[in-house]
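Architecture at a glance
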Amino acid sequence: MPQRFKYIKHRDIDFERWDACVSSVQSPQPYGFSWYLNWLVPSWDAIVYGDYEVILPIFPQQKKSFTFTTRPFGTQSTGPFSKIQLTAQWTEEIIAAAMSHLKYGEFFLAPGTPMPDHFTAKSLSNYSLETSDCYDALYQGYSKQNKRNIKKANEIELHWAEWSNIDEAISLWKNNTQAQTSITDANLDRLKKLLEFCNYQKKGTLYAVRDEYNQLIGAHFWIIVEGRSTLLLNATNDYGKANGVSAWLIDQHIRTVASTAHTIDFEGSSLEGLARFYRGFGATDHPFFMHIENRLPLWARPFKPKTTKNAL
């Protein structure tokens, strides 16, 4: 039976114990590690059970005197993380512990989190691929479209951009994709610092290619931690898109980890075209969940989404 949870301020979190909990599952997603969150968020707090046996980060913010939490940019699901087998009751109680300090909460719960029956959390896609098979077997699982795109990329003159850096990759994304999104320069700056840290600490790798005129046309950054690669940046220009460069770069990474016990995580997408693209590498959907609790006063509730927790 779940017992008392502690609310721990950021300055008092034991990051070593925290990260040991995040690492306690095979090929963990990177979003819960303290170093990952510390680069993306100025400050975050924690709900902790026991000796960091069950943990949940929260990201308290203030608006009109109300405290709320949602996920930071650059994350997907943010827990709970646990060294023990969770039940739906554990899930409910750790969220209740967080909500005792909040008026509104958006919780993005990790794949496999057991959900109480009276939660109507929204399921969100997360595509991943296990790479224990040899490359040839993995390639057979590609869609016809992705195979065509890879063939198209092989027919143009591509050069590895060995001296490219994170700043160039981010600029490529900004120049070709940012205008179609609501992502701010401030968010991109924090992401850039995270990727630079991962690159320096050998927690990730940058793939970048140039065309015959030495123009950067495609760049991917993969965070690689404890047997999992997570695609954090996917940038191409129009020429790269027209010539299958993104599919080609993903294929290059699959080649490097094929025949090993490894998970490639493409993250998810609400855009069917992008989801279809990732499925086209043989990836399967392991959904995560968005759960909302709204305890704002009645006059303020219409301004925020309704709760996904029904009364018992």
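Residues numbered from 1 in each chain as written. Predicted model: local features only at pLDDT ≥ 70, side-chain atom pairs only at ≥ 80, totals over all residues. Heavy atoms only, no water.

1. Considering the overall build of the protein
The helix and strand inventory of the protein stands at ten helices and 16 strands. Taken over C-alpha atoms, the radius of gyration comes to 21 Å for the protein, in line with the 20 Å a tight globule of 312 residues would show. For the protein, the spread of C-alpha atoms along the three principal axes comes to 60 × 40 × 35 Å. Here the protein, with 312 residues, has 53% of them falling under the buried criterion. Counting contacts in the protein only where the partners sit at least 6 residues apart, residues at least 24 apart contribute 72% of the total. When the accessible surface of the protein is split by element, carbon and sulfur atoms take 49% of a total near 15,400 Å². (Helix = DSSP H or I, 4+ residues; strand = E, 2+ residues; numbered from the N terminus. Rg over C-alpha atoms; globule rule 2.2 N^0.38 Å. Buried < 20%, exposed > 50% of the residue type's maximum accessible area, 1.4 Å probe, protein only. Contact = heavy atoms within 4.5 Å. Areas by Shrake-Rupley, 256 points an atom, 1.4 Å probe, with all protein chains shown as cover.)

2. Looking at the packing of helix α5 (residues 144–154) against helix α9 (residues 245–257)
At their nearest, the axes of α5 and α9 sit 8 Å apart, and the two run at 95 degrees to each other. Accordingly, the angle class assigned to the pair α5 and α9 is roughly perpendicular. Mapping the contact onto sequence places N146, N149, I150, A153 and N154 in α5 and V245, A247, W248 and D251 in α9. Per-class residue counts for the contact of α5 with α9 are five nonpolar, three polar and one charged. (Axes fitted to C-alpha atoms, helices over the stretch in contact; angles between N-to-C directions. Parallel < 35°, antiparallel > 145°, perpendicular 65-115°, else oblique. Nonpolar A, V, L, I, M, F, W, Y, C, P; charged D, E, K, R; others polar.)

3. Description of the nonpolar core
By size, the foremost hydrophobic cluster in this structure holds 41 residues, and its most contacted members are W18 and Y36. Contributions of two or more residues to this core are made by α1 (15–22), α2 (34–40), β2 (45–49), α6 (166–176), α7 (185–200), β11 (204–210), β12 (216–225) and β13 (228–236). At six residues, the largest contribution of residues to this core is made by α7. Apart from residues lying up to four places away in sequence, W18 is in contact with I13, G32, F33, S34, W44, A46, V48, Y52, I55, L56 and P57. In terms of nonpolar packing, the next biggest core, distinct from the first, is built from 29 residues, L158, I254, V257 and A283 among them. (Core = buried A, V, L, I, M, F, W, Y, C linked by side-chain atoms within 4.5 Å.)

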